[in-house]
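Results of the structural survey
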Amino acid sequence: MKQFTSFVRKEFYHVFRDPKSLLILFGMPITLIVLFGFALTNEIKNARIVVCDYARDAASQQIISRLSVSNNFSIHQSIMSHEELESSFKSGNIQLAIVIPAHFNDDLLHLKHAQLQIIADASDPNTATTLTSYAQSVINSYQQELRSYHKSGLQIIPEIRMLYNPELKGATNFVPGVMALVLLLVCVLMTSVSIVREKELGTMEVLLVSPFNPMMVIIAKAVPYFVLSLLNLALIVLLSVGLLSMPFQGSVLLLFTVSSLFIITALSLGLLISNSTASQQTAMLISLMGMLIPTMMFTGFLFPLENMPVALQVIANAVPSKWYYSIVKSIMIKGLGFSAIWKETLILLGMTIFLLTISFKKFKTRLA
Amino acid sequence: MRTLYFLLRKEFKQIFRNKALLPMIFIAPLIQLLILPLAADYEVKNINISIIDNDHSAYSRKLLKDITASGYFKAVGYGNSFQAAFRQIEQDQADLILEIPAGFEKNLVKEGAQSLFIAVNAINGSKATLGASYLRRVVEDFNAGIRLSWMPAGNDQQAVIETVSSNWYNAFLNYRFFMVPGILVTLVTMICVYMCALNIVKEKEIGTIEQINVTPVKKHLFILGKLIPFWIIGLFVFTVGLFGIGRLVYGIVPQGNLLLLYGFLSLYLVALLGIGLLISTYAETQQQAMSVAFFFMMIFMLMSGLFTSVDSMPAWAKFLANCNPVTHFIKVMRMVLLKGSGFADIQFPMLMMVGFAIFFNTWAILNYKKTV
C-alpha cells in the first residue's frame, strides 16, 4: 500500500510539474461553459432579410411592418432585380428575400388572390427553413386578420407550458453535454498519453522490471486523472449554477457517484488505447480523431439522436457519453432519483467491465 | 535546394514508415466524412407526443387524428392521467403532452372558446419551440376547419395570399450539402495542426532535433522541410474528401471555380501549419503540444459556425469567430461549393487568411530557436 501511494505521488508530480497541460485541463471546461452559455446558440438571430416591394401599397406596407416586429432579424427594403438578388445571395449579404409584386393590394381586394414570393438561401437549410416559416407565419397572421370580421367564436386557445426550461436557454441543453465531453476527452487523452509516454521514453521498462505489481503501475497512473476529473466536474457544476444560473434540481451526491463511474469508464477506454499503441502520436490521434468529433455528434446535445439513421443510432449506443448525458439531464435538470437512471448506470458499468477486461487481456508485462 | 530535398525525403519516409499513423491520417478522416454528415441533421421530425383525452368527443377525436396525420408527431401514449404522461417525459419517451380537458367540444360550441393544455420538454429549447409551433399550427388548422363548418353558406369568398417559396442553391434542403464541406474542413484542419505540432515536438522529446540543430541546415530550410509534407498531405486529404466522398457519395457538385477554392485552401493550409509550428515552439513534450492543440482546435471548431450559426452570436463572439481561420474557410467552402460565389465575394476572407498566414508563421519563426 505504501508503495502504491508513493507511485500515486509520483504521478501527481508528473501532472503538477506540467503547468501548461494543467492550465488547459482546467481552462477547457471554463472556456466551454462560457462559449456554450453565452456565444453558441441553435437559434437563428441577426439574419438579414430583404424585401423587394414592387407594390408599395397598403397591404405590402402592413406586411413589412409586421415582419419588422421581430428583433431577431434585420429587415431592409430595396428593389432588386433577379441578378442583383443572386449576387447578394452569393456574397452572403442576405439570407432571405421576399418579393411583393406590383398591384399586390389590388389583386388581393379585387381578384381575392394575390401572390408573394419567398426566396431562401438554402445552402444553410436550417436558417432557410426557420426564416421561411417565420415569413410565412407573419403573412398567415396578416391574412387571418383580414378575415377577422368572419370570426365566429369557436376559438381554441392552446396554453403552452415549457417544462424544465421556461426561458428556453441553450445552456440547459449544452451544459450536460459539455460535462460528458470534457470528462470523456480529458480522461481518455490524458491517461492514454501518459502511459504511452513512459513506453516511448523507455521508463516503462524500468517500472515493469521492478518488484511492484505492473497492474498497480497502471492504476496509479489513472488516480491523478480521476481526482482531477472530479475537480473538473465540480468546477463545471459551480460555473453553470453560478455563472449561467442553471438550476440544480437533483442530488449532488448521486451526480458525483455516477460521474465517478463515468470517469472510470473513460479511464479504462484510455487504458485500452494505451495498451494497443506504441507511440504517443498514435495514441493522441486515435483519442482525438477517433473521439472528439464522434463524441460531439453522438452524445445528442448538438444534433437530436432520434433524427439519425437507425444504423447510426445503434452506433451511438456504443458511445459512453450518450448514456452519461442522459443521466446528467435526469439528475441535474429533471431532479430525478436513482430509480430513473439505473438502466443507464448499468450500461456504463457494463462498458467499464468490458473495456477493463479487454485492456487487462492486452496488457503485456514484456515489451516487444 | 538539395538540402530541402533531403529533408523532405526524410520527413516522408518517417511518415510513411509509421504504420499506425497512416490509417489515422488517410483513412479515419474519410470514414468520419462518410458517417458524420448522416448524423448531423437539425430537422425536427418524429416528435413523440403523449395524449390525454378527457373529452372523448367527436371534436377531440378529430383533433387527435389531425395531429397524427400531420406527419410530425408520433403518438406514444393515450392516457387518462397527467401523472402517467409526465412520467413519459421524465423517461424521455415523450417530448410533448397534449391534454384535452373534459367538456372540450361542449364548451367550444357553447362558450365560444376553450383552452387546450400543452406541456413541452424544453431542455432542448430549439426543439421545444419547433415542436410547440408545429402543434399550434395543427390546432389552428383544426380550429379554422371547425369555424368553416359552422359558417353560413355563401359567405366564403375570402382573400387569399398565396406564397410561393423557393429554396435556392439547395432545393431539397439537403442538410448534408451544408455539413459535408464543414466537416471536411474540420478534418483537414485537425490533421494538419496536430501532425505538424506533434512532429516537431517529437524530435524535441526524443532528442533528435539536437542532431539537426548542430548541422549547417538553415533554420528556414528545416522549418520548410517540416511544413511542406503536411501541406501536401492536407491537399491530398482535402481532394479525396471533396471528390471521392463529397462528389461521389453525397452528390455535391462544386458550383464555383475550383481553382479559386484550391487557391484559398493552399493559403489556409499555410496559416494552419503556422499555428501547428507555433504550438510546437512553445511545447516541450508531445503531451503539452497535444493538449494545447486540442484546446485551441476545440474552440476553433465550436466558434467556426460548423454546428451553430456565426450570425446568431453576440457581437464579442462574432469578433472572436472572425479571428478564427476555420470560420473563414468553412464559409468560403460553403459559398464556393454550393452557391458558386466568385473571387469578389470572398475577398475579405481571402485577405484575412493572408493575414493569418503571415501572422502565425512570423510569430512561430521568431519564436523558434535553433539553440537548446
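Residues numbered from 1 in each chain as written. Chains lettered and ligands numbered in written order. Predicted model: local features only at pLDDT ≥ 70, side-chain atom pairs only at ≥ 80, totals over all residues.

The next subject is the overall build of chain B. From N to C terminus, chain B includes 14 helices and five strands. Along the three orthogonal principal directions, the C-alpha set of chain B runs to about 95 × 45 × 40 Å. When burial is assessed residue by residue, chain B has 46% of its 372 residues classed as buried. (Helix = DSSP H or I, 4+ residues; strand = E, 2+ residues; numbered from the N terminus. Buried ≥ 20, exposed ≤ 12 C-beta atoms within 10 Å, placed from the backbone.)

To continue, consider the overall build of chain A. Helices and strands together make up the secondary structure of chain A, namely 15 helices and five strands. Taking 21 Å as the expected radius of gyration for a compact globule of 368 residues, we find that chain A reaches 28 Å, considerably beyond that expectation. Its C-alpha atoms give chain A principal-axis dimensions of about 95 × 45 × 40 Å. For chain A, with 368 residues in total, the buried portion stands at 45%. Contacts in chain A between residues far apart in sequence, at least 24 positions, make up 80% of those at least 6 positions apart. (Rg over C-alpha atoms; globule rule 2.2 N^0.38 Å. Contact = placed C-beta atoms within 7 Å.)

All right, on to the sheet that holds strand β5 (residues 160–168) of chain B then. Remark on secondary structure: sheet strands pair via backbone hydrogen bonds, oriented parallel or antiparallel. The strand order β2(A)-β1(A)-β3(A)-β4(A)-β5(B) describes an open sheet built from five strands, whose pairing is mixed. Sheet topology places β2 (73–77) of chain A together with β5 of chain B at the edges, where each strand pairs with a single neighbour. On average, each strand axis in the sheet is inclined to that of its neighbour by 20 degrees, with strand direction left out of account. Summarising the sheet, strand β1 (residues 47–53) of chain A and β2(A) pair through five bridges and their orientation is parallel. (Pairing = 2+ DSSP bridges. Axes fitted to C-alpha atoms, helices over the stretch in contact; angles between N-to-C directions.)

What follows concerns the domain arrangement of chain B. The extent of an interface is frequently quoted as the accessible surface area lost upon association of the parts. Segmentation of chain B into domains returns domain 1 (2–40 + 173–367) and domain 2 (47–150). One C-alpha centre belongs to domain 1 of chain B, the other to domain 2 of chain B; they are set 49 Å apart. (Domains from an automatic or database assignment.)

Take the nonpolar core next. In this structure, Leu183(A) and Tyr194(B) are the most contacted members of the largest nonpolar core, which totals 220 residues. If one sorts the elements of this core by residue count, helix α7 (residues 175–206) of chain B sits on top with 21 residues. For Leu183(A), the residues in contact, after removing those within four places along its chain, are Ser229(A), Asn232(A), Leu233(A), Ser259(A), Phe262(A), Ile263(A) and Ala266(A). (Core = buried A, V, L, I, M, F, W, Y, C linked by C-beta atoms within 7 Å.)

Attention now goes to the interface of chain A and chain B. Contacts between the two partners involve 100 residues from chain A and, on the opposite side, 96 residues from chain B. At ten residues, the largest contribution of residues to the side of chain A that touches chain B is made by helix α6 (residues 125–146) of chain A. Relative to strand β4 (residues 113–121) of chain B, strand β5 (residues 155–163) of chain A runs parallel, the two being bridged by nine bridges. Bridging from a neighbouring strand, Met162(A) pairs with Val120(B) of β4(B).

Domain boundaries assigned for chain A yield domain 1 (12–40 + 170–362) and domain 2 (47–150). A separation of 48 Å is found between the C-alpha centroids of domain 1 of chain A and domain 2 of chain A.

Residue and element names in this part refer to chain B. In this structure, His56 takes a positive phi of about 50 degrees despite not being glycine. One can find His56 in the loop between β1 (47–53) and α3 (58–69). Since 11 C-beta atoms lie within 10 Å of it, His56 is described here as exposed. The backbone of Tyr169 sits at a positive phi, close to 70 degrees, despite the residue not being glycine. Within the fold, Tyr169 resides in the loop between β5 and α7.

Secondary-structure assignment places Asn46(B) in the loop between α2 (21–39) and β1. In this structure the C-alpha to C-alpha distance between Asn46(B) and Phe73(B), which are 27 residues apart in sequence, comes to 5.5 Å. With near-sequence residues (within four places) excluded, Asn46(B) lies in contact with Glu306(A) and Lys74(B).

In an α-helix there are 3.6 residues to a turn, and that puts residues three or four apart on one side. Residue and element names in this part refer to chain A. Given a rise of 1.5 Å per residue, 31 residues ought to cover 45 Å, and the 43 Å separating the end C-alpha atoms of helix α7 (residues 171–201) matches this to within 8%. α7 sits mainly inside the fold: 29 of its 31 residues count as buried. Looking one or two residues past α7, Gly202 carries a phi angle of roughly 90 degrees, positive in sign. (Expected span 1.5 Å × (residues − 1).)

Before going further, it helps to examine the sheet that holds strand β3 (residues 96–100) of chain B. The five strands are arranged β5(A)-β4(B)-β3(B)-β1(B)-β2(B) in an open sheet whose pairing can be described as mixed. Two strands bound the open sheet, and with one partner strand each, they are β5 of chain A together with β2 (73–79) of chain B. Across the sheet, the mean angle separating the axes of adjacent strands is 25 degrees when strand polarity is ignored. Its contacts with the sheet put α3(B) on β1, β2 and β3 of chain B, and the angle it makes with β1(B) is roughly 175 degrees. The strands touched by helix α4 (residues 82–90) of chain B within the sheet are β5 of chain A together with β1, β2, β3 and β4 of chain B, with β2(B) carrying the most contacts at an inclination of about 140 degrees.

All right, on to the packing of α3(B) against helix α6 (residues 125–150) of chain B then. All names here are of chain B. Here α3 crosses α6 at 135 degrees, and the two axes come no closer than 10 Å. One way to sum up the angle between α3 and α6 is to call them oblique. Seen along the crossing, α3 lies across α6 with a hand that is right-handed. Residue-level inspection shows Leu63, Asp66 and Ile67 of α3 in contact with α6, the latter providing Val138, Asp141 and Phe142. Among the residues forming the contact of α3 with α6, the class breakdown is four nonpolar, no polar and two charged. (Parallel < 35°, antiparallel > 145°, perpendicular 65-115°, else oblique. Left-handed = near helix turned anticlockwise from the far one by under 90°. Nonpolar A, V, L, I, M, F, W, Y, C, P; charged D, E, K, R; others polar.)

Glancing now at the confidence of the model for chain B. Of all residues in chain B, 97% attain a pLDDT of 70 or more, and the chain-wide mean is 85. Reported confidence for the predicted complex is 0.75 by ipTM and 0.80 by pTM. (pLDDT = per-residue confidence, 0-100.)

Residues and elements named next belong to chain A. Between α7 and helix α9 (residues 214–242), whose axes approach to 10 Å, the crossing angle comes to 160 degrees. Relative to α9, the element α7 lies roughly antiparallel. At the point where α7 passes α9, the crossing takes the right-handed sense. Residue-level inspection shows Ala171, Val175, Val178, Met179, Val182, Leu183, Val186, Cys187, Met190, Thr191, Ser194 and Ile195 of α7 in contact with α9, the latter providing Ile218, Lys221, Ala222, Tyr225, Ser229, Asn232, Leu233, Ile236 and Ser240.

Counting buried residues in β1(B) gives five out of seven residues, a clear majority hidden from the surface. Read as a crossover between parallel neighbours, the route from β1(B) over α3(B) to β2(B) is right-handed. (Right-handed = clockwise from strand over helix to strand, strands pointing away.)

On to the environment of Leu35(A). With respect to the helices and strands, the residue Leu35(A) is situated in helix α2 (residues 19–39). According to the C-beta neighbour criterion, Leu35(A) is buried, with 20 such atoms within 10 Å. As a C-alpha pair, Leu35(A) and Lys221(A) span 186 residues in sequence and 31 Å in three-dimensional space. Excluding residues that lie within four positions of it along the chain, Leu35(A) makes contacts with Leu40(A) and Leu302(B).

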